[in-house]
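Chains, contacts and geometry: an overview
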Amino acid sequence: MEYKRMEKRTSLAFSNMVKSRLGGKTITSCYQCGTCASSCPVAKITDKFNPREIIKLSLLGEREEVLSGDSIWLCCSCYNCQERCPQKVEIADVIYALRNMAFEKGHIPNLYSEFASAIINDGRIAKISKFMEQKRPAIGLPPLQPTGVDALRKILSATGFDKLQKEKEEAS
Amino acid sequence: MTGYALFLGCTIPARQPNYELSGRKALARLGIELVDLANMTCCAPPPVQSIDFETSLSIAAYNICLAEEADLNMITLCTGCFESLAMTNAMLKENEKLREDVNRILSKAGKEFQGSKEVKHYLQVLKDDVGVERIKQSVSKPLSNLKVASFSGCHLLRPSELLKFDDPERPRIFDDLIEALGAKSIEYRNKLKCCGGLLRGYADDLALKIAREKLVNTTKAGADCISTLCPFCFLTLDMGQLMIKSKFQEEYNMPVLHYAELLSLALGIDPKELALEFHKIRVDRVLYKIG
């Protein structure tokens, strides 16, 4: 009995945490109908990803499985599920909230970590090569304006983004 | 002349000068002035939203502030940028608490989001500011007999509650604008389904499978080309065909053209001025068909 009560507390604690995050507030409205999974282009071709399952595990408090697993990173952010959810659960946004929590725990795929470094270093996630920059006048494009890297770094330091990324880099 | 602050983003200047060229040329011909502002950054698309949503909203809001300061509405060519910026604009306009939180962050960079401007995808500008009728009248080289498979990409339409662009299940704007050029916008299976582009680099196998389906379906429907609005969809479907060739030993040779490129051709702009050599899949068969 005591164990069951504890379990309930844990699961509630996790879904409340998700709920309090940007993007996460609608998670508890899910009634597991599966409209999301049947609208999902990824779930159609692999059993490694199922949006309904991610919501279910989160509501059951399976924090470790959700945050350290591969699954949350397999959402292709097409928003089909969110568009069609009869309960108005913002599923794609809930997955962003879960990814944000995973990042804070240090679970982040290398690719995303590279994106984060690129933002901090260049203010852009895709670097514009010298070749492309020099090619512009030849094909009739105006020169590129400077990127606001300094302002961006101030923003990244105000949100703590740069610190989290630094910790991640040091840990790996 | 209507003026807009152009938000160029990263992927277009980094990889698709063909898109930027056609966008600039076509919009100029139709009387839309693009203003290049200094100090813009990345728009903070899904990869940044995935790492920290608050940071992504702040970065997007910072860029909108630059347009506000210049007293201009903002225009994007990239659908990814459109989604990040238009979504942020709508969220911050609607939610006072969120706006206060973001403004606290922006104050460190000397900015304050006012919520006084709009963010529009260029397709919206074509529809609202130029209008389908005027585009029809401006066409000097109709794309007659060209069967175009339109693919609007996800982030032009969804989340519709925030983007408010077109009906997310039965959109018409893009198809109407294709037909305004004299081409035929054809139907094909799973037209609105994602291209899988955002899984590239993380789960390439899955991304390619999803992209392949789009090529199978447009080929079956007899398309002469696919038309895109987003540099990621373009990359996934154009360069993706080379990867699909090596993985599945299947060759589609399906030309992929951005709408701005089709528009430029229909407006009579010389194909030699459009840097079409940046396409991985040659577009000759489209040029041949339109004569």
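Residues numbered from 1 in each chain as written. Chains lettered and ligands numbered in written order. Predicted model: local features only at pLDDT ≥ 70, side-chain atom pairs only at ≥ 80, totals over all residues. Heavy atoms only, no water.

The next point concerns the overall build of chain A. Along its length, chain A carries 10 helices and 0 strands. What you see for chain A is a C-alpha radius of gyration of 20 Å, clearly larger than the 16 Å of a compact globule of 172 residues, by over 25%. Considered along the principal axes of its C-alpha atoms, chain A spans approximately 70 × 35 × 25 Å. In chain A, buried positions account for 48% of the 172 residues. If you take every contact in chain A between residues at least 6 apart in sequence, the share linking residues at least 24 apart comes to 66%. Per element, the accessible surface of chain A, about 8,800 Å² overall, is 51% carbon and sulfur. Each charge sign in chain A was given a centre, from 26 positive and 20 negative side chains, and these centres are 4 Å apart. (Helix = DSSP H or I, 4+ residues; strand = E, 2+ residues; numbered from the N terminus. Rg over C-alpha atoms; globule rule 2.2 N^0.38 Å. Buried < 20%, exposed > 50% of the residue type's maximum accessible area, 1.4 Å probe, protein only. Contact = heavy atoms within 4.5 Å. Areas by Shrake-Rupley, 256 points an atom, 1.4 Å probe, with all protein chains shown as cover. Lys, Arg positive; Asp, Glu negative; His and termini not counted. Charge placed at Lys NZ, Arg CZ, Asp CG, Glu CD.)

Turning to the packing of aromatic side chains, a few remarks are in order. Two descriptors summarise a pair of aromatic rings, namely the distance from one centre to the other and the angle between the planes of the rings. Applying the stated criterion to the full structure yields 7 aromatic pairs over all chains. Seen in terms of ring centroids, tyrosine 96 of chain A and phenylalanine 53 of chain B are 5.7 Å apart; in terms of plane orientation they differ by 75°. Their pairing is edge-to-face. Here the residue tyrosine 96 of chain A occupies a position in helix 6 (residues 91-104), and phenylalanine 53 of chain B occupies one in helix 4 (residues 53-69), the pair thus bridging two chains. On the basis of an interplanar angle of 75° and a centroid distance of 6.2 Å, the ring pair of phenylalanine 82 of chain B and phenylalanine 165 of chain B is categorised as edge-to-face. In this pair, phenylalanine 82 of chain B sits in helix 5 (residues 79-94) while phenylalanine 165 of chain B sits in the loop between helix 10 (160-163) and helix 11 (173-179), placing the two residues 83 residues apart along the sequence. A residue is classified by how much of its surface remains accessible, and phenylalanine 82 of chain B, at 0% relative accessible area, is buried. Every member of this aromatic cluster is reached through a ring pair, and the members are Trp73, Tyr112 and Phe115 of chain A. Directly above the ring of phenylalanine 248 of chain B sits arginine 212 of chain B, whose terminal nitrogen or CZ lies 5.3 Å from the centroid. (Phe/Tyr/Trp six-rings, centres within 6.5 Å; stacked < 30°, edge-to-face > 60°. Lys NZ or Arg CZ within 6 Å of the ring centre and 35° of its normal.)

Note that every value here comes from positions in space, so none of it alone points to a role or purpose.
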